[in-house]
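Now for the letters of each chain:
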Amino acid sequence: MSYADDLFSYVRSHHPRSLRGIEEAREVNPAAWHAMAEQFLGWAARIHGDEGWAPRCVDAFARFSTDVILCQARYEDAGHYQNSSYDECNAAVYSQREVMDDYLWGVFLTNFLWSHHMELSLFFRDRFLARLPSTPEMIEIAPGHGGWGVWALSNRPDARLNGFDISPSSMAIANLVAGAAGVSDRATYTLQDALDLGGMAHGSADAVICSFLIEHLEQPERLVEVIAHLLKPGTRAYLTGALTAAQVDHIFEFRRESELVAMCEKYGLRVLETMSVSPRRILPKARFIPRSMGLIVERRDLS
Ligand SMILES: C[S@@+](CC[C@H](N)C(=O)[O-])C[C@H]1O[C@@H](n2cnc3c(N)ncnc32)[C@H](O)[C@@H]1O
């Protein structure tokens, strides 16, 4: 039995409504999906035990996915996101250990259990990771569960990573995931607000990963400015953001892909490649199509 087999049998018995979505994620690229499932679920099993990973992570994934659908339905009704204050989200979500632990274990699985995030994962691996310079010093902004950066380190044995997140849960979980993946010696996580990273030396990184933070900020431009500051000239960042996709802690409502592109260009980041993806099934008669967008950008002063 593989972890993927165990996952499907657990989902069939405990969360049958999640089954179709997971099958859709597998259909994106069955071979890559199985490899990712074995890797990510293997790390979860090393942390939570063979009996414990599914109740901890798959239940959290089902709760998180249900919350997202409810938030999107409220957003369809109200026409705007539920929350707009960063401080309130920090107090209610990021700083709360139990809430945030559950949230992060749920999000950890979305990387390959949501079809559109599976598409982004492949974009990240094939278009970004595979093309980094040798021995890259990477900075991960807002690693959360750590899955993106740890997957990067697993794919790139020559890379090192420094991660910065505002949440104590992230510190705990990202360190556990790095340990389970055997990459702890190349990963360091520090509790720090990303918007303060402008204090680091200009050009500290050969690569930056920043996945799904920008829509959590009141002034997203400040994050783009930080990313541009951290990159050495000619080096690249992988950035993702959510557009018209509600969650309890999404406060900046991006409506057009071009808004993210223009923001990058404003701070001297040349947009090399983008991918905008959405779930295969959305709410009936939706006026907002929830999208996740990945951008590969290069620090390049554009005249
Ligand atoms: C949706 S999670 C994204 C986790 C992971 N990067 C991913 O894509 O799955 C958002 C993360 O941003 C972190 N975060 C929120 N505000 C932050 C800030 N100002 N500086 C650093 N991290 C922040 C949260 O603690 C959380 O871990």
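You'll find the structure just up there.
Here's a quick rundown of the structure. Since this is a predicted model, take the numbers as computed values, not measurements.

1. Things to note about the nonpolar core
Then, in step 1: Counting 102 residues, the largest nonpolar core has Trp-33, Phe-112, Ile-141, Leu-223 and Ile-227 as the members making the most contacts within it.
Then, in step 2: Discounting chain neighbours no more than four positions away, the residues touching Ile-227 are Ile-141, Val-208, Cys-210, Ala-237, Leu-239 and Leu-269.
Then, in step 3: Counting residues in hydrophobic clusters, the runner-up holds 5 residues, among them Cys-71, Tyr-75, Tyr-81 and Phe-288.

2. Thoughts on the pairing of strand 7 (residues 291–299)
Then, in step 1: The buried count for strand 7 comes to 9 of 9 residues, which makes it a mostly enclosed element.
Then, in step 2: On strand 7, burial covers both faces: Arg-291, Met-293, Leu-295, Val-297 and Arg-299 on one face and Ser-292, Gly-294, Ile-296 and Glu-298 on the other are all buried.
Then, in step 3: Two elements, strand 5 (residues 231–243) and strand 7, share 8 bridges in a ladder whose sense is antiparallel. Note on strand 7: the bridge partner recorded for Ala-242 is Ser-292.
Then, in step 4: Bridge analysis of strand 6 (residues 269–277) against strand 7 gives 8 bridges, and the strand direction is antiparallel. Note that in strand 7 the partner of Ser-276 across the bridge is Met-293.

3. Structural notes on helix 4 (residues 53–78)
The α-helix advances 3.6 residues per turn, and as a result positions three or four apart in sequence lie on the same side.
Then, in step 1: Over its 26 residues, helix 4 runs 37 Å from end to end, which matches the ideal 38 Å to within 8%, given 1.5 Å per residue.
Then, in step 2: Of the residues one or two after helix 4, Gly-79 is the one with positive phi, at around 85°.

4. A look at the packing of aromatic side chains
Then, in step 1: Scanning all chains against the criterion turns up 21 aromatic pairs.
Then, in step 2: Ring geometry for Phe-124 versus Phe-128: centroids 5.8 Å apart, planes at 25°, classification stacked. One end of the pair, Phe-124, and the other, Phe-128, are both in helix 7 (residues 115–128), 4 residues apart, so they sit about a helical turn from each other. An identical accessibility class is assigned to Phe-124 and Phe-128; each is buried.

5. Description of the environment of Pro-143
Then, in step 1: In this structure, Pro-143 sits in the loop between strand 1 (137–141) and helix 8 (147–155).
Then, in step 2: Assessed through its relative accessible area of 3%, Pro-143 is described here as buried.
Then, in step 3: Distance from Pro-143 to Ser-167, taken between C-alpha atoms, is 9.6 Å for residues 24 residues apart in sequence.
Then, in step 4: Residues in contact with Pro-143, not counting those within four places in the same chain, are Gly-163, Phe-164, Asp-165, Ser-170 and Tyr-189.

6. Let's talk about the pattern of salt bridges
Then, in step 1: For the structure shown, the criterion picks out 19 salt bridges.
Then, in step 2: A salt bridge links Arg-20 to Glu-27; the shortest N-O distance between them is 3.2 Å.
Then, in step 3: Overall, the relative accessible area of 36% leaves Arg-20 in the partly exposed class.
Then, in step 4: On the basis of relative accessible area, Glu-27 is assigned to the partly exposed category, the value being 42%.
Then, in step 5: Between Asp-206 and Lys-232 there is a salt bridge whose closest N-O contact spans 2.8 Å. Taken together, the residues Asp-206 in strand 4 (residues 205–211) and Lys-232 in strand 5 connect sequence positions 26 residues apart.

7. Section: the site of the ligand
Then, in step 1: With respect to spatial proximity, 21 residues lie near the ligand, and among them Tyr-86, Ala-142, His-145, Asp-165 and Ser-211 are the closest.
Then, in step 2: A distance of 3.3 Å separates a nitrogen atom of the ligand from a polar atom in the backbone of Ile-166.
Then, in step 3: Between the ligand and Asp-193 there is a distance of 2.9 Å, counted from a nitrogen atom to a side-chain nitrogen or oxygen.
Then, in step 4: In isolation the ligand has 600 Å² of accessible area, and contact with the protein removes 98% of it.
Then, in step 5: It is helix 6 (residues 97–113) that contributes the most residues to the shell around the ligand, 4 residues altogether.
Then, in step 6: Its residues assigned to classes, the shell around the ligand shows 13 nonpolar, 6 polar and 2 charged.

Criteria and thresholds
- Residues numbered from 1 in each chain as written.
- Predicted model: local features only at pLDDT ≥ 70, side-chain atom pairs only at ≥ 80, totals over all residues.
- Heavy atoms only, no water.
- Core = buried A, V, L, I, M, F, W, Y, C linked by side-chain atoms within 4.5 Å.
- Buried < 20%, exposed > 50% of the residue type's maximum accessible area, 1.4 Å probe, protein only.
- Contact = heavy atoms within 4.5 Å.
- Helix = DSSP H or I, 4+ residues; strand = E, 2+ residues; numbered from the N terminus.
- Pairing = 2+ DSSP bridges.
- Expected span 1.5 Å × (residues − 1).
- Phe/Tyr/Trp six-rings, centres within 6.5 Å; stacked < 30°, edge-to-face > 60°.
- Salt bridge = Lys/Arg side-chain N within 4 Å of Asp/Glu carboxyl O.
- Near = heavy atom within 4 Å.
- Polar contact = N/O pair within 3.5 Å; in protein donor to acceptor, adjacent residues only side chain to side chain.
- Areas by Shrake-Rupley, 256 points an atom, 1.4 Å probe, with all protein chains shown as cover.
- Nonpolar A, V, L, I, M, F, W, Y, C, P; charged D, E, K, R; others polar.

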